[in-house]
Structures are given as structure tokens and as C-alpha cells.
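Results of the structural survey
Chain residues, written in single-letter form:
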Amino acid sequence: MKITGLRKNSSNDRISVEVDGNFAVSVSREALMEEGVNRGAELTKEQLKRLQNRSSVEHASAEAVRLLKYGRRTEADLLDRLQEKGYDRLTSDTVVQKLKQLGLIDDREYCHSFFLSHRDMNGWGPDKIRHALRKKGLPEQLIEEAAGECYDRDTAVEQAVRAGYKKLRSLQRKTDNKQELRIRLNRFLYSRGFDAACCQTAVSEILLNQED
């Protein structure tokens, strides 16, 4: 196979390679230099295969960077998104590993940031945050590390009390029965991801302060 044409694409910095008069592949200038490709040179099947693989990785990398512009992503999510776009598992995994090395994706940092934002902005308890992270395919070890860094017992109770006070007013419009309020507050806080012991402590504090 003979290289009969090398043409710079007008829309990007990639080079379209023509072999025996037909388009063969579009890759970066760096890839061509690594393979020693020049106009008129012979191209082996192995070289062409490497260039095609390189082209796929470069396209997938560009797509991954585009996706990351919209926000943080986990390794699992990015792998899924790339495969949905038609890239095979090997290509997708190669891109993800490269982005990990560059620090553009970091599951440990993702877990930590997710815990803080949903704790402080959404008022979620640790169990609800854990559940959300598991659904995203994060490793259990990283989830528990982040939970330990972002939530201790005092913090959990404090967050539960804050969330409970916000809910209390609407509940009081429905009932003034203290036992009923206790049951509904416990149910609400449990749905927000606080464990049973935390819920009981928070509800007792809330209702006690209502009596003062």
C-alpha cells in the first residue's frame, strides 16, 4: 500500500491519509510522525492498523473531554458514555486510563465532592449519599472513605436536626399530635438517608426544643 495523499483537515489539526487513492484514516500529526509516514511511502497493514487504533483513541479522547466540560464524571460513567457512542471497550478503557493519569477524572475526589455537596446543599444523610454513589458504580472502599471524611455522628445529627426543623412546619399544619409528629419526622429523616439512631436523637432534640 502506498500513501498517495496527506491532507490537513480544515475543521481540526488532524491529517487525512489517502492510501492507493482512497481515504484510509484521519489521525494527528504526532501519530504520523511516530509511524514515519510520508507521502509516497509504503504503508504496511500493521502500520495502518496502528493508525486506525490511534485514530479511534484520539476521537474517543476528544469526545471524553467534551463530556467532561459538562461536569465531573466517574470512570464507570465515562466508560459507559464512550461505549454508547460506539467506541469499543479497549479504546474506551485506554482513554479513561489516560484521563486518570492526567488527573481529569478521579473517583476518590468525585466521592468526596459528592458527599460534601449533597450533605451541605441538599441535606442528604450518609445512607442516601452512599446509595446514590453505588448506583454510579463507585467502589465501596472509596464510598466509605468519603463517608468517614465527611460524616461523623455529630455531623449527621446536626444535619438531621436542620432538615427536621425545615420539615416540622409543614407537618404541624397537618397534625398537632406529638406522637404523630415524632413518627412522621422519623419517617422523613430516614427517607433522607439518616440511620434509625440518628433519626431518634434528632427528632427528640427537635420536639424537646419545641416545648421550650
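Refer to the structure above for everything that follows.
Here we summarise the structure given alongside this text. (Residues numbered from 1 in each chain as written. Predicted model: local features only at pLDDT ≥ 70, side-chain atom pairs only at ≥ 80, totals over all residues. Heavy atoms only, no water.)

For the rest of this paragraph, the subject is the nonpolar core. Residues Phe115, Leu133 and Leu189 are the most contacted members of the largest nonpolar core, which totals 33 residues. Those elements that provide at least two residues to this core are helix H5 (107-120), helix H6 (126-135), helix H7 (140-150), helix H8 (153-172), helix H9 (178-191) and helix H10 (196-211). In terms of residue count, H8 provides more of this core than any other element does, 7 residues in total. Excluding residues within four positions of it along the chain, Leu189 makes contact with Ala160, Ala163, Gly164, Phe194, Cys199, Ala202 and Val203. (Core = buried A, V, L, I, M, F, W, Y, C linked by side-chain atoms within 4.5 Å. Buried < 20%, exposed > 50% of the residue type's maximum accessible area, 1.4 Å probe, protein only. Helix = DSSP H or I, 4+ residues; strand = E, 2+ residues; numbered from the N terminus. Contact = heavy atoms within 4.5 Å.)

With that out of the way, let us pick up the packing of helix H3 (residues 75-84) against helix H4 (residues 89-101). Contact geometry for H3 and H4: axes closest at 9 Å, N-to-C directions at 140°. Between H3 and H4, the crossing angle belongs to the class labelled oblique. Both H3 and H4 take part in a crossing whose hand is right-handed. Packed against H3, whose contacting residues are Glu75, Leu78, Leu79, Leu82 and Gln83, the element H4 presents Arg89, Ser92, Asp93, Val95, Val96, Leu99 and Lys100 at the interface. By residue class, the composition of the contact of H3 with H4 is 6 nonpolar, 2 polar and 4 charged. (Axes fitted to C-alpha atoms, helices over the stretch in contact; angles between N-to-C directions. Parallel < 35°, antiparallel > 145°, perpendicular 65-115°, else oblique. Left-handed = near helix turned anticlockwise from the far one by under 90°. Nonpolar A, V, L, I, M, F, W, Y, C, P; charged D, E, K, R; others polar.)

Quick look at the pattern of salt bridges now. Taken as a whole and judged by the stated rule, the model has 17 salt bridges. Note that Arg14 is salt-bridged to Glu58, the shortest N-O span being 3.0 Å. One end of the pair, Arg14, is in the loop between strand S1 (3-8) and strand S2 (15-19); the other, Glu58, is in helix H2 (residues 45-68), and 44 residues separate them in sequence. Residue class for Arg14 comes out buried when judged on its relative accessible area of 12%. For the salt bridge of Glu140 with Arg134, the shortest nitrogen-to-oxygen distance reads 2.8 Å. Overall, Glu140 belongs to the partly exposed group, its relative accessible area being 37%. Where salt bridges share partners, they join Asp127, Arg130, Arg134, Glu140 and Glu144 into one cluster. (Salt bridge = Lys/Arg side-chain N within 4 Å of Asp/Glu carboxyl O.)

What follows deals with H9. Along an α-helix, residues three or four positions apart point the same way, because every turn accommodates 3.6 residues. Taking 1.5 Å of rise per residue, 14 residues should cover 20 Å, and H9 covers 20 Å from first to last C-alpha, within 8% of that figure. Of the residues flanking the start of H9, the one acting as N-cap is Asn177, its side-chain oxygen 3.0 Å from the backbone nitrogen of Gln179. Immediately beyond the C-terminal end of H9, within one or two residues, lies Gly193, with a positive phi of roughly 100°. (Expected span 1.5 Å × (residues − 1). Polar contact = N/O pair within 3.5 Å; in protein donor to acceptor, adjacent residues only side chain to side chain.)

Turning to the packing of aromatic side chains, a few remarks are in order. Per the stated rule, a full pass over the model turns up 2 aromatic pairs. For the ring pair Tyr110 and Phe114, a centre distance of 6.0 Å and an interplane angle of 20° mean the geometry is stacked. Of this pair, Tyr110 and Phe114 both sit in helix H5, separated by 4 residues, roughly a single helical turn. One exposure class covers both Tyr110 and Phe114, and it is buried. When the ring of Phe115 is compared with that of Tyr151, the centres are 6.5 Å apart and the planes differ by 75°; the resulting orientation is edge-to-face. Taken together, the residues Phe115 in helix H5 and Tyr151 in the loop between H7 and H8 connect sequence positions 36 residues apart. Exposure class is identical for Phe115 and Tyr151. Each is buried. (Phe/Tyr/Trp six-rings, centres within 6.5 Å; stacked < 30°, edge-to-face > 60°.)

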